[in-house]
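Here are the chains, one letter per residue:
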Amino acid sequence: MSLSEREKERYRRQLGVRSWDQERLKAASVFIAGVGGLGGTSALYLALAGVGRIRIVDRDRVDPSNLNRQVLYGEDSSGCLKVDEAGRRLSEANPHIIIETSSEPIGRESLDRLAAGVSLILDGLDNMEARFALNEYSVRHRVPYLYGAVCGWQGMVGLFHPPVTACLACLLSSEQEAKPEVPVFGCLPGTVGLLQATEALKYLMGLEPALLGKLLIYDGRDMTFDLVDMAKNPACPVCSGAV
Amino acid sequence: MVVFFRAGSELRHKLQPDVDFYTRRVETQAGKSVKDILRDIGLDPAFVAFIYVEGKVKNLDYVPTEGQSVTLQPPVSGG
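Below, the structure is looked at part by part. Since we're looking at a predicted model, the values are computed, not measured.

Let us look at the pairing of strand β1 (residues 29-33) of chain A. Successive side chains on a regular strand alternate, one facing one side of the sheet and the next facing the other. Residue and element names in this part refer to chain A. Most of β1 sits out of view: 5 of its 5 residues are buried. Going residue by residue along β1, you find Ser 29, Phe 31 and Ala 33 tucked away on one face and Val 30 and Ile 32 tucked away on the opposite face as well. When β1 meets strand β2 (residues 53-57), the two strands line up parallel, connected through 5 bridges. Each bridged residue has a counterpart across the sheet, and for Ile 32 the counterpart in β2 is Ile 56. When β1 meets strand β4 (residues 120-123), the two strands line up parallel, connected through 4 bridges. Residue pairing across strands places Phe 31 opposite Ile 121, the latter belonging to β4.

Here it is in structure tokens:
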């Protein structure tokens, strides 16, 4: 997929980065589940980088409590559908790409439509039920799933690509209780969302993602990064049957 | 036998570190799982989503050896 002169000028500073493949990015498509703190940050930088097609899905409306961390929204966005506001902001940020939006709830059935045909799933969700639905879709369709999550001072990011790697259900139990609203300071989802965006760009350009089968755990209070290997669970209820 | 439990910020106040800001020294019997040791020190295993030891994720049935450092990871679900 060739670049116009205008695009070459827009991307000039990154075209010189070793191994960068702008045409491959232009041909890529990403599904971003949730455009809050994580997904909004990732979406903005993937759009600026020139990922050709970005599909954003979120059923929520902007709430004043989002504004400490969700960079796509402002005071005027209160009450608006996030995907409408995010879609407008992303199209303004880069008119050379395609932004697709949906406010349909993310679930096992809707994902077959919402995520069809994408190269990568990026997790910007705030609840575990929808994450496990994403994970199942990833296992079923062999689409890599770039996981991210935050709470308090801690965040984590990892890339699942079963059957090559473990899946989310190898790591976490779906029965685990999750808090309905977790405390989070503003910079944290920005940091984690940018780590997700970095891994996404590498994967989409065909470069080896550093977090394939690994989890990077960031603690903003201690300023530590732990990188750990995620082993496949032979008894995993989701991916153990996948070959 | 001694093992060291280390916890991130959201679990830290429950772990009650005594070695440094992150770490608690625990005396226990060889052969006990992390889940059992957590119960012995009064920390509900339900607060721990997974653990990692020497850079590898383990489940709570993992049996630590003398002097090992075990990092406890709480559930992290926000976005």
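This is not the end of the story, as more comes after the structure.
Note on soluble globular proteins: their nonpolar side chains tend to be buried together. Residues Phe31(A), Ile106(A), Tyr147(A), Leu172(A), Leu215(A) and Phe50(B) are the most contacted members of the largest nonpolar core, which totals 43 residues. Mapped by element, the contributors of at least two residues to this core are β1, α6 (108-114), α7 (128-141), β5 (145-151), β6 (154-160), α8 (168-171) and β7 (214-219) of chain A together with β3 (50-53) of chain B. When residues in this core are grouped by element, the largest group, 7 residues, is from α7(A). Each residue touching Leu172(A), except ones within four places of it in the same chain, is listed here: Met128(A), Phe132(A), Tyr147(A), Ala49(B) and Phe50(B). One finds Val30(A), Val51(A), Leu90(A) and Leu159(A) within the second-largest nonpolar core, a separate group that totals 42 residues.

Okay, the packing of helix α4 (residues 37-49) of chain A against helix α9 (residues 187-204) of chain A next. Residues and elements named next belong to chain A. Axis separation between α4 and α9 bottoms out at 8 Å; the angle between their running directions is 45°. The angle between the axes of α4 and α9 places the two elements in the oblique class. Two packed elements cross with a definite hand, and for α4 against α9 that hand is right-handed. Together, Gly 37, Leu 38, Thr 41, Ser 42, Tyr 45, Leu 46 and Ala 49 of α4 and Pro 189, Gly 190, Val 192, Gly 193, Leu 194, Gln 196, Ala 197, Ala 200 and Leu 201 of α9 make up the contact between the two elements. Here the contact of α4 with α9 is built from residues that sort into 10 nonpolar, 6 polar and no charged.

The next subject is the pattern of salt bridges. Side chains carrying opposite charge are able to pair once their charged atoms draw close together. All names here are of chain A. Evaluation of the coordinates by the stated rule reveals 20 salt bridges over all chains. A salt bridge links Glu 5 to Lys 8; its shortest N-O distance comes to 3.4 Å. One end of the pair, Glu 5, and the other, Lys 8, are both in helix α1 (residues 5-10), 3 residues apart, so they sit about a helical turn from each other. Classification of Glu 5 as exposed rests on a relative accessible area of 59%. Taking relative accessible area as the criterion, Lys 8 reaches 38% and is therefore assigned partly exposed.

Attention now moves to the packing of aromatic side chains. To describe a pair of aromatic rings, one takes the distance between the centres and the angle between the planes. All names here are of chain A. For the structure shown, the criterion picks out 6 aromatic pairs over all chains. Consider the rings of Tyr 145 and Phe 160, whose centres lie 5.7 Å apart with planes at 40°: the pair is tilted. Taken together, the residues Tyr 145 in strand β5 and Phe 160 in strand β6 connect sequence positions 15 residues apart. Of the two residues, Tyr 145 and Phe 160, both sit in the buried class.

This part takes up α7(A). Along an α-helix, a turn takes 3.6 residues, which lines up residues three or four apart on a common side. Residue and element names in this part refer to chain A. The end-to-end C-alpha separation of α7 is 20 Å, in line with the 20 Å expected for 14 residues at 1.5 Å each. Taken together, the buried positions of α7 are occupied by Met 128, Ala 130, Arg 131, Phe 132, Ala 133, Leu 134, Asn 135, Tyr 137, Ser 138 and Val 139. Between the side-chain oxygen at the start of α7 and the backbone nitrogen of Glu 129 there is a gap of 3.3 Å, and the oxygen is on Asn 127. One or two positions beyond α7, positive phi appears at Arg 142, with a value near 55°.

A word on the environment of Ala235(A). Residue placement: Ala235(A) occurs in the segment after β8 (224-229). Residues Ala235(A) and Cys170(A) lie 65 residues apart in sequence; the distance between their C-alpha atoms is 8.2 Å.

Attention now moves to the pairing of β7(A). Residue and element names in this part refer to chain A. Counting buried residues along β7, 5 of its 6 residues qualify, which places the element largely inside the surrounding structure. In this structure, β6 lies alongside β7, joined through 5 bridges in antiparallel fashion. Pairing of Gly 158 across the sheet is with Leu 215, part of β7. The antiparallel hairpin formed by β7 and β8 contains 4 residues in its connecting segment, where Met 223 sits at a positive phi of about 55°.

It is worth spelling out the layout of surface pockets at this point. The calculated volume of the largest pocket comes to roughly 810 Å³. Contributing to the lining of the largest pocket are 37 residues, with Asp60(A), Leu125(A), Asp126(A), Asn127(A) and Pro180(A) lying nearest its centre. Top element by residues in the lining of the largest pocket is α7(A). It accounts for 3 residues. For the lining of the largest pocket, the class distribution of residues is 11 nonpolar, 13 polar and 13 charged. Roughly 690 Å³ of volume is contained in the second largest pocket. Together, 29 residues line the second largest pocket, and Cys170(A), Leu171(A), Leu172(A), Ser173(A) and Asn59(B) are the ones closest to its centre. Looking at the lining of the second largest pocket residue by residue, the class counts come to 16 nonpolar, 6 polar and 7 charged.

So, how was this worked out
- Residues numbered from 1 in each chain as written.
- Chains lettered and ligands numbered in written order.
- Predicted model: local features only at pLDDT ≥ 70, side-chain atom pairs only at ≥ 80, totals over all residues.
- Heavy atoms only, no water.
- Buried < 20%, exposed > 50% of the residue type's maximum accessible area, 1.4 Å probe, protein only.
- Helix = DSSP H or I, 4+ residues; strand = E, 2+ residues; numbered from the N terminus.
- Pairing = 2+ DSSP bridges.
- Core = buried A, V, L, I, M, F, W, Y, C linked by side-chain atoms within 4.5 Å.
- Contact = heavy atoms within 4.5 Å.
- Axes fitted to C-alpha atoms, helices over the stretch in contact; angles between N-to-C directions.
- Parallel < 35°, antiparallel > 145°, perpendicular 65-115°, else oblique.
- Left-handed = near helix turned anticlockwise from the far one by under 90°.
- Nonpolar A, V, L, I, M, F, W, Y, C, P; charged D, E, K, R; others polar.
- Salt bridge = Lys/Arg side-chain N within 4 Å of Asp/Glu carboxyl O.
- Phe/Tyr/Trp six-rings, centres within 6.5 Å; stacked < 30°, edge-to-face > 60°.
- Expected span 1.5 Å × (residues − 1).
- Polar contact = N/O pair within 3.5 Å; in protein donor to acceptor, adjacent residues only side chain to side chain.
- 1 Å grid on protein atoms, 1.4 Å probe; cavity = no way out; pocket = protein on both sides within 12 Å on 5 of 7 lines; lining within 4 Å.
- Points joined across faces, edges and corners; volume = space filled by probe spheres on them.

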